[in-house]
Amino acid sequence: MTQEHSAARPFGELITAMVSPFTADGSLDLDGVQRLAVHLVDEQGNDALVINGTAGESPTTTDSEKEALVRAAVEAVGDRAKVLAGVGTNDTRHTIELAVGAEKAGAHGLLVVTPYYNKPPQEGLYRHFTAVADASGLPILLYDIPHRSGVPIETETLVRLAAHERIVGVKDAKGDLTATSWVLSRTDLAFYCGDDATTLPMLAIGAVGIVGTSTHFTGLQTKQMIQAYARGDVAEALALHRRLLPLFTGVFRTQGTILVKAGLAAKGLPAGPVRPPLVDATAEQVAQLRADAAACGLELPA
């Protein structure tokens, strides 16, 4: 693997998996989507946003809502940040339909999660991902998250998938640094950490950035950590990692979208309620989130 390829960042360094703002009655708040996207790019330093990821409550949005969300984000920030559309499902045909729709809506790339619940074998994963890549002209990040999908994308499968010209990287939430190291040593795939708290260890083995959740609040500081490591200032990167740990982990004290929306609301930013089966944060959970933010040197107004 060449140094040029190992340093490739197809979607930049800092990507946030953006929540989907809703109105009080639970319908899409497309004006809020645009305002939040602008905030995350202009104020939090994001190079790209994932729209329609799990953080965006994709299990509860319709296909037409998903397309509207992508269009709104592209219109708001598509001239200065990449917009990746989450299109993964556990049905290959449906995933292809969503991929085609996202491309028509103006997305710059796709995030495709491992098919969940039906636990296909590795050959099934290979055929699923390549079918989606063949159906779209957009670059693809695979999303490897076995604790949700039920099955990992194994090393040999990732190596095979890397041969596809449009499969350019992985959002890695596998939690297996050894397996990831082997893939990085054998491919040019760009790895983005999918678990906020392990971003620095992932950088140490060759990852290029993060697809984050706490980065709704910690974007600037997380980007500083990534850039400090890249320029060889490991001590500064470690200090930032330790400073940000309370929020890297704190937003996951319950399901991440719940606390992100609560935190955004505290800051007067678009969020709205969550859709069932999620439930909105309790007062105690919001108080703990405020304490976690304060431990990072960040403020969530009361």
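Our subject is the structure listed above.
Residues numbered from 1 in each chain as written. Predicted model: local features only at pLDDT ≥ 70, side-chain atom pairs only at ≥ 80, totals over all residues. Heavy atoms only, no water.

## Quick word on the environment of Arg253
As for its placement among the helices and strands, Arg253 is situated in the loop between helix 11 (234–250) and helix 12 (256–266). Sequence-wise, Arg253 and Gly101 are 152 residues apart; in three dimensions their C-alpha atoms are separated by 34 Å. In this view, Arg253 contacts Leu259, Gln288 and Asp292; residues no more than four positions away in its chain are not counted. A polar atom in the side chain of Arg253 sits 2.8 Å from the side chain of Asp292. (Helix = DSSP H or I, 4+ residues; strand = E, 2+ residues; numbered from the N terminus. Contact = heavy atoms within 4.5 Å. Polar contact = N/O pair within 3.5 Å; in protein donor to acceptor, adjacent residues only side chain to side chain.)

## Details of the nonpolar core
If you look at the biggest cluster of nonpolar residues, it comprises 62 residues, and the most contacted ones within it are Leu110 and Leu142. Counting residues per element, this core draws most heavily on helix 3 (residues 63–77), at seven residues. Here Leu142 is in contact with Leu111, Val112, Phe129, Ile153, Leu158, Leu161, Ile167, Gly169, Val170 and Lys171, once residues within four sequence places are set aside. Core analysis: the second largest hydrophobic core is formed by 17 residues, Ala17, Ala55, Ile145 and Val211 among them. (Core = buried A, V, L, I, M, F, W, Y, C linked by side-chain atoms within 4.5 Å. Buried < 20%, exposed > 50% of the residue type's maximum accessible area, 1.4 Å probe, protein only.)

## With respect to the sheet that holds strand 1 (residues 14–17)
On the basis of which strands lie adjacent, the closed barrel formed by eight strands has the order 1-2-3-4-5-6-7-8 and parallel pairing. Taken over all neighbouring pairs, the strand axes of this sheet differ in orientation by 25° on average, direction set aside. On top of the sheet, helix 10 (residues 215–230) reaches strand 1 and strand 8 (209–212); it is set at about 160° to strand 1, its chief contact. (Pairing = 2+ DSSP bridges. Axes fitted to C-alpha atoms, helices over the stretch in contact; angles between N-to-C directions.)

## So, unusual backbone geometry
Cis geometry marks the peptide bond from Pro276 to Pro277, where omega comes out at 15°. The residue Pro277 is located in the loop between helix 12 and helix 13 (283–295) in this model. Its identity is not glycine, yet Glu57 carries a phi of approximately 60°, on the positive side. Examined against the element boundaries, Glu57 turns out to sit in the loop between strand 2 (48–51) and helix 3.

## Observations regarding the layout of surface pockets
Counted as a void, the largest pocket has a volume near 760 Å³. Lining the largest pocket are 37 residues, with Gly53, Thr54, Ala55, Tyr143 and Arg148 sitting closest to its centre. Of all the secondary-structure elements, those providing two or more residues to the lining of the largest pocket are helix 3, helix 4 (92–104), strand 4 (109–113), helix 6 (146–149) and helix 12. Looking at the lining of the largest pocket, its residues break down into 14 nonpolar, 17 polar and six charged. (1 Å grid on protein atoms, 1.4 Å probe; cavity = no way out; pocket = protein on both sides within 12 Å on 5 of 7 lines; lining within 4 Å. Points joined across faces, edges and corners; volume = space filled by probe spheres on them. Nonpolar A, V, L, I, M, F, W, Y, C, P; charged D, E, K, R; others polar.)

## Side note on the state of the cysteines
Across all of its chains, the model carries zero disulfides by this definition. Cysteine Cys193 is unpaired, with the sulfur of Cys296 as its nearest cysteine sulfur at 16 Å. In this structure Cys193 comes out as buried when scored by relative accessible area, which is 0%. (Disulfide = S-S within 2.5 Å.)

## Considerations on the pattern of salt bridges
Working definition: two side chains of opposite charge can pair if their charged atoms are close together. Evaluated as defined, the whole model comprises 14 salt bridges. One salt bridge in this structure joins Lys223 and Asp47, with 2.8 Å as the shortest N-O distance. In this pair, Lys223 sits in helix 10 while Asp47 sits in the loop between helix 2 (30–43) and strand 2, placing the two residues 176 residues apart along the sequence. Look at Lys223 and you get buried, because its relative accessible area is 17%. Residues joined in a network through salt bridges with shared partners are Asp42, Asp79 and Arg80. (Salt bridge = Lys/Arg side-chain N within 4 Å of Asp/Glu carboxyl O.)

## Thoughts on the packing of aromatic side chains
Across all of its chains, the model carries zero aromatic pairs by this definition. Taking the ring centre of Tyr126 as reference, the NZ or CZ of Arg160 above it sits at 3.7 Å. If you follow Arg275 out to its NZ or CZ, it ends over the ring of Phe22, 4.3 Å from the centre. (Phe/Tyr/Trp six-rings, centres within 6.5 Å; stacked < 30°, edge-to-face > 60°. Lys NZ or Arg CZ within 6 Å of the ring centre and 35° of its normal.)

None of this, on its own, says anything about what the molecule does.
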